[in-house]
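# Per-entry structural report
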Amino acid sequence: KIFFMKTIGTDYKLGSIITHSGSYTFGHFISYVRNPHNDAWFKYDDQLRVPIHESQIDMDQAYILIYVRNDPSEAADFEFEKCSHCNDVLSAMD
């Protein structure tokens with residue numbers, strides 16, 4: 001049997017954004033990270049680390065979004081459900 005897991009009742013907040021500019025074969029990545037203690041954002045670009053306002057982040061270039069659970073001290077509740085189509089997919093692969 002194949003199951004998938006979904007989280008129940010857990011609240012997440014955007015914690016980091018990684019942007020990419022350039023092409024698929026060549027480009028540049030910039031990371032924006034939110035300080036979880038004071039919600040201040042910082043821009044990491046090679047050796048540069050500077051504070052930045054959230055409105056200055058170029059979301060059109062967003063490549064990866066990383067979310068952080070709002071209260072990491074609380075254990076998340078999980079529910080396992082059977083994946084209704086997974087067995088059919090695996091059978092077709094045999």
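Up top you'll find the structure we're talking about.
What follows concerns the nonpolar core. Membership of the largest hydrophobic core is limited to seven residues, which are Leu14, Ile17, Ile30, Tyr32, Trp41, Ile52 and Ile57. Counting residues per element, the ones that place at least two in this core are β2 (12-22) and β3 (27-34). Those residues in contact with Ile30, other than ones at most four positions away along the chain, are Ile17, Ile18, Thr19, Lys43, Tyr44 and Asp45.

The strand order across the open sheet built from five strands is β5-β4-β3-β2-β6, with neighbouring strands paired in antiparallel fashion. Whereas interior strands pair on both sides, the edge strands pair on one side only; in this sheet they are β5 (48-52) and β6 (62-69). The average undirected angle you get between the axes of adjacent strands in this sheet is 20°. Pairing of strand β4 (residues 41-45) with β5 involves five bridges; the strand directions are antiparallel. If you follow Trp41 over to β5, its bridge partner there is Ile52.

Reading the values: the criteria
Residues numbered from 1 in each chain as written. Predicted model: local features only at pLDDT ≥ 70, side-chain atom pairs only at ≥ 80, totals over all residues. Heavy atoms only, no water. Core = buried A, V, L, I, M, F, W, Y, C linked by side-chain atoms within 4.5 Å. Buried < 20%, exposed > 50% of the residue type's maximum accessible area, 1.4 Å probe, protein only. Helix = DSSP H or I, 4+ residues; strand = E, 2+ residues; numbered from the N terminus. Contact = heavy atoms within 4.5 Å. Pairing = 2+ DSSP bridges. Axes fitted to C-alpha atoms, helices over the stretch in contact; angles between N-to-C directions.

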